[in-house]
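Notes for the structure review
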Amino acid sequence: MSDIEPIIGRYVNITVDGRVYRIFYEEAGAGIPLFCLHTAGADSRQFRHMLNDPDLTARYRVVAFDLPWHGRSTPPQQWWEDKYLLTADHYMAITKAVWESIGLQRPIVAGCSMGGAIVLRAAFDHQDEIRGILGLETTAAGHGRYNDFLHHPAVHGGELCATYTYGLNAPSSPEAGKRENWWYYAQSGPGVYRGDIHFYCNDWDAWEELGRIDTTKCKVALLSGEYDYSATPQMTEDVHKAIPGSYFKLMHGMGHFPMIENYPDFRPYLMDALAHIGD
Amino acid sequence: MSENFELDWLDEFRDKANSDRELAVIGEWFSTTFSVNFGPQRIAFKVANGRIEEIIRDPRFDVRAIFGFSAPLTVWRKFFAPTPPPLYHDFFAMIMRIPEFVLEGDGLVAMQNARALHRTMSLMRDAGAGNV
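Residues numbered from 1 in each chain as written. Chains lettered and ligands numbered in written order. Predicted model: local features only at pLDDT ≥ 70, side-chain atom pairs only at ≥ 80, totals over all residues.

With that settled, consider the environment of B:Glu22. Mapped onto the elements of the fold, B:Glu22 is located in helix α2 (residues 21-26). Taking the C-alpha atoms as reference points, B:Glu22 and B:Arg119, separated by 97 residues in sequence, lie 8.0 Å from one another. (Helix = DSSP H or I, 4+ residues; strand = E, 2+ residues; numbered from the N terminus.)

Residue and element names in this part refer to chain A. Judged by pairing direction, the sheet is mixed, and its eight strands sit side by side in the order β1-β2-β4-β3-β5-β6-β7-β8 without closing on themselves. Edge positions in the open sheet fall to β1 (8-16) and β8 (247-251), since each of these has one partner strand only. Put simply, the sheet's adjacent strands are angled 20° from each other on average, direction ignored. Sheet topology note: the strand β5 (residues 108-112)/strand β6 (residues 132-136) ladder contains five bridges and is parallel. (Pairing = 2+ DSSP bridges. Axes fitted to C-alpha atoms, helices over the stretch in contact; angles between N-to-C directions.)

For the rest of this paragraph, the subject is the packing of helix α3 (residues 88-101) of chain A against helix α4 (residues 114-125) of chain A. All names here are of chain A. The contact between α3 and α4 brings their axes to 10 Å, and the two run at 75°. Judged on the interaxial angle alone, α4 and α3 are roughly perpendicular. Contacts between α3 and α4 involve Ala88, Tyr91, Met92 and Thr95 from the first element and Ile118, Arg121, Ala122 and Asp125 from the second. Of the residues contributing to the contact of α3 with α4, the split by class is five nonpolar, one polar and two charged. (Parallel < 35°, antiparallel > 145°, perpendicular 65-115°, else oblique. Contact = placed C-beta atoms within 7 Å. Nonpolar A, V, L, I, M, F, W, Y, C, P; charged D, E, K, R; others polar.)

What follows is about the interface of chain A and chain B. Each partner contributes to the interface: chain A provides 14 residues, whereas chain B provides 15 residues. Partitioning the side of chain A that touches chain B into residue classes produces nine nonpolar, three polar and two charged.

All names here are of chain A. Counting residues in each nonpolar core, the largest one holds 120 residues, and the members touching the most others are Cys36 and Val62. In terms of residue count, α4 provides more of this core than any other element does, seven residues in total. Those residues within four positions of Val62 in sequence are excluded, and the remaining contacts are Glu27, Ala28, Gly29, Leu34, Cys36, Met50, Leu51, Leu56 and Thr57. (Core = buried A, V, L, I, M, F, W, Y, C linked by C-beta atoms within 7 Å. Buried ≥ 20, exposed ≤ 12 C-beta atoms within 10 Å, placed from the backbone.)

Next up on the list: helix α7 (residues 192-203) of chain A. Residue and element names in this part refer to chain A. Helix length check: α7, at 12 residues, gives a terminal C-alpha distance of 15 Å against a target of 16 Å (1.5 Å per residue), a fit within 8%. Of all the 12 residues making up α7, nine are buried; the element is thus mostly covered by neighbouring parts of the structure. Those residues of α7 that sit buried are Val192, Tyr193, Arg194, Gly195, Asp196, Ile197, His198, Phe199 and Tyr200. (Expected span 1.5 Å × (residues − 1).)

Residues and elements named next belong to chain B. Judged by pairing direction, the sheet is mixed, and its five strands sit side by side in the order β3-β2-β1-β4-β5 without closing on themselves. Whereas interior strands pair on both sides, the edge strands pair on one side only; in this sheet they are β3 (51-57) and β5 (102-105). Averaged over all adjacent pairs, the angle separating strand axes in this sheet is 20°, with direction ignored.

What follows concerns helix α8 (residues 233-242) of chain A. Residues and elements named next belong to chain A. Within the span of α8, buried status applies to Pro233, Thr236, Val239 and His240. For α8, the buried positions fall inside an angular range of 125° around the axis, keeping them on one side. Those residues of α8 that are exposed and aimed more than 90 degrees away from the buried face are Gln234 and Lys241. Against β7 (219-225) and β8 lie the buried residues of α8. (Arc of directions from axis to C-beta.)

A word on the packing of helix α5 (residues 157-166) of chain A against helix α6 (residues 114-128) of chain B. Packed helices, taken two at a time, are described by their axes: the angle between them and the distance between them. Running from N to C, α5(A) and α6(B) cross one another at 30°; their axes reach a closest spacing of 8 Å. The angle between the axes of α5(A) and α6(B) places the two elements in the roughly parallel class. Touching A:Glu159, A:Leu160, A:Thr163, A:Tyr164 and A:Tyr166 of α5(A) are B:Ala114, B:Arg115 and B:His118, all from α6(B). Taken together, the residues that form the contact of α5(A) with α6(B) break down as four nonpolar, two polar and two charged.

Rendered as structure tokens:
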């Protein structure tokens, strides 16, 4: 008897700033587009439990993609001549180009960590084009994660980045989920996590822009894990307080990677947040 | 609450580390001496190929540690709590968020051995949990 999952993976070619990017995305379900953005140094596999949840895919077309340089998406042409340092402008441009290229109409844009950051920009720059945002472990500005050891010739970057992020999980989360996420991080390319963290810690500051978000046009739901020490609950709650009409819930016994570290406990929070965003 | 930790559990920690299946897999290159300062108490751990070879209590100044962790007892008590509170549940969390928790010495060696070191400190936490 076969045990084939309903997830289907495909590739799409997009052009951003004159360069072509071959992007991998995977999807399951039908209905409201739920467009998912992975964390720094990881890829769309983090969303496999959502993609395999029949209650979710009965109502939503769940789509997750790999950023360029990540997972199964390739870097752009002549990538070897570039130092990979992600910026907010480029991150938003890539994200929007992907959802448009695969034909998602007014998606809910969901992201975790750095993905949970850039969804705020989707909300203040593209609020007429999307239904809402779901921010997991969201910050308006992150600091303190960048360091030279993340891409260093004397350090195994995969093992360090995976171990560096392991403690962002909650201690009580199932070990299998935490280890799976460790493995994804260990597979990241050289310097990619460091390049993502450049966006998260050096380039990203949205505090001045949050006032432009109109939650009557674009719903905002924010979830934060109790044990997240990168985007702490206080940091996410501060964003919530700066966006009138937004929704915020603290997830007890959860860390920075709710969708992969402990999906059973994350699921009720996810469903409530999506109910807030509505149709 | 005493000013010093009871450290009888260090022997249990050594046994846990030296019989740990993961450290047997990943510890081949983890050979160094690192120290942990539990408030005023300094302990040196000599590690060879991922195994704890010697735990030196109150080491003399000629015991050379390449790197070490140092923090007040108030911080360590949270780390070793049966259910550690957020920000105190992992040494990387404390490095980032708890100013009194300090990685001393050659951080490059610590990061070169991050995976085995992290596993070792997790086993230390398990052995000390509820015992300090």
